[in-house]
Amino acid sequence: MDGHLQGDVVRVGGDARQRFHDSRGYGRPAGGNDIDLSRVEAAHLLFRGDVDTVDGMEFEEFFVASTQSSERFALRFLVYIDLRGRGFYLSPTREGWPGTSDASGQADYDFVVHPRGTGPDEGRVEHRVRVVGERQPVPADELLDEELVLAVVDEESELTYLEATTPELDGATDFTPSQSLSGVLLDDRVVVWNAPESLYEYGFYGQPLTGRDADVEGAIQLSLVEAASLAEDGVLSVDESEDYEAIVERGREVEGERFDRRLAVYSTLRDRQVVPKTGYKFGADFRTYDEVESVSNLSHSEHLIRVLPPEHVFAPRDLALDVRLAGGVRKRMVFALTDANEGIDWLSVARLTP
């Protein structure tokens with residue numbers, strides 16, 4: 001059986017519709033028993049020996065020609081044959097192809113993957129897959145448009161699948177300080193000398209200033225984001241005045257404009273009854289606890305949060321590093337794309353085995 005290029009699709013006749021589309025989900029009907037195949041689909045059938053040639057070209061020649069004429073063809077082919085090998089039917093993102101909802105066929109993904117056991121004509125979608133090379137930049141805001149799977153092809157042609165979703169970040173830590181607090185602003189922290197025990201034990205604010213031989217009780221050191229959040233809520237005064245701005249200005253002196261973004265994320269999480277604590281040991285901005293009953297009976301944190309500007313562009317290698325680190329410590333990686341004046345977009349990324 002031979003195929004023929006018509007524009008950028010390969011037309012196959014004979015009994016192609018029954019052999020390839022109806023029974024195995026390739027291409028789209030083109031009238032009668034003919035079907036149209038994308039270049040990737042045609043290359044796969046050539047690779048398998050199901051189609052002999054395309055305009056006289058066998059697999060090797062067609063593969064080289066397609067790589068030269070079609071962007072990321074070699075990468076997309078590797079992903080296509082991998083997902084086919086895993087038992088999925090999948091369709092290319094092209095106008096008029098099954099599963100392509102964008103009328104122009106210019107959506108931000110390369111393949112629609114159908115659930116196992118279903119074909120493209122049933123219209124069901126398991127994954128929308130975008131194929132990237134390990135050096136190809138990925139703008140963060142493009143991952144927010146739809147729930148996507150990034151199929152990253154590294155320089156040795158190995159594949160890593162990363163699933164991008166919108167996380168649910170809602171907790172059950174119902175704690176409000178029962179009394180007003182007074183602190184002193186010192187360098188990059190605030191010290192509350194007579195803090196109630198509940199502030200740390202049940203609210204998980206700050207860190208006690210203590211030691212084996214200490215004769216000091218009730219002193220809590222707060223980070224600047226913790227202190228600013230408490231001051232904004234009217235709970236904390238600094239140097240005998242309710243000077244929220246003094247804490248914020250110190251935060252900006254310490255870490256620049258990042259402070260405003262981190263404070264916005266911290267306060268939002270506290271409003272959602274999620275407890276954020278420093279994520280420094282994990283290379284992140286925060287680690288979070290959905291429910292804190294007491295520090296004495298503390299469970300593991302669930303998420304690592306990295307605060308980024310909305311215009312951030314990921315390098316797939318850095319993205320894979322963050323996700324691998326989070327998974328290695330039994331947490332999920334979340335990126336808070338934050339403009340302090342316009343709100344937060346939440347993006348969760350995790351490894352996926354299709």
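Residues numbered from 1 in each chain as written. Predicted model: local features only at pLDDT ≥ 70, side-chain atom pairs only at ≥ 80, totals over all residues. Heavy atoms only, no water.

Under an unreviewed UniProt entry, the name given to the chain is tRNA-splicing endonuclease, and the organism recorded is Halogranum salarium B-1. Within the UniProt record for the chain, the comment given under Sequence similarities (unreviewed entry) is "Belongs to the tRNA-intron endonuclease family. Archaeal long subfamily." (UniProt positions renumbered as here; feature names shortened; annotations may be inferred.)

**So, the packing of helix H2 (residues 39-48) against helix H4 (residues 73-85)**
Relative to each other, H2 and H4 sit at 60 degrees, their axes nearing to 10 Å. The angle between H2 and H4 falls in the class oblique. Where H2 crosses over H4, the two elements pack in a sense that is right-handed. Packed against H2, whose contacting residues are Arg39, Val40, Glu41, Ala43, His44 and Phe47, the element H4 presents Phe73, Arg76, Phe77, Tyr80, Ile81 and Arg84 at the interface. Each residue belonging to the contact of H2 with H4 can be placed in one class, and the counts come to 7 nonpolar, 1 polar and 4 charged. (Axes fitted to C-alpha atoms, helices over the stretch in contact; angles between N-to-C directions. Helix = DSSP H or I, 4+ residues; strand = E, 2+ residues; numbered from the N terminus. Parallel < 35°, antiparallel > 145°, perpendicular 65-115°, else oblique. Left-handed = near helix turned anticlockwise from the far one by under 90°. Contact = heavy atoms within 4.5 Å. Nonpolar A, V, L, I, M, F, W, Y, C, P; charged D, E, K, R; others polar.)

**Side note on the side chain of Lys331**
As for its position among the elements, Lys331 is in the loop between helix H9 (316-328) and strand E21 (332-339). At 7.9 Å, Glu302 is the nearest oppositely charged side chain to Lys331, a buried residue that forms no salt bridge. For Lys331, the residues in contact, after removing those within four places along its chain, are Phe282, Ser301, Glu302, His303, Leu304 and Ala326. (Buried < 20%, exposed > 50% of the residue type's maximum accessible area, 1.4 Å probe, protein only. Lys, Arg positive; Asp, Glu negative; His and termini not counted. Salt bridge = Lys/Arg side-chain N within 4 Å of Asp/Glu carboxyl O.)

**Remarks on the sheet that holds strand E1 (residues 2-6)**
What the 5 strands build is an open sheet, ordered E3-E4-E2-E1-E5; its pairing is mixed. One side of each edge strand has no neighbouring strand; the edge strands of this open sheet are strand E3 (28-29) and strand E5 (53-54). Pairing of E1 with strand E2 (residues 9-12) involves 4 bridges; the strand directions are antiparallel. Opposite Leu5, over in E2, you have Val10 as the bridge partner. H2 contacts E1, E2, strand E4 (35-37) and E5 of the sheet and is inclined by roughly 95 degrees relative to E4. (Pairing = 2+ DSSP bridges.)

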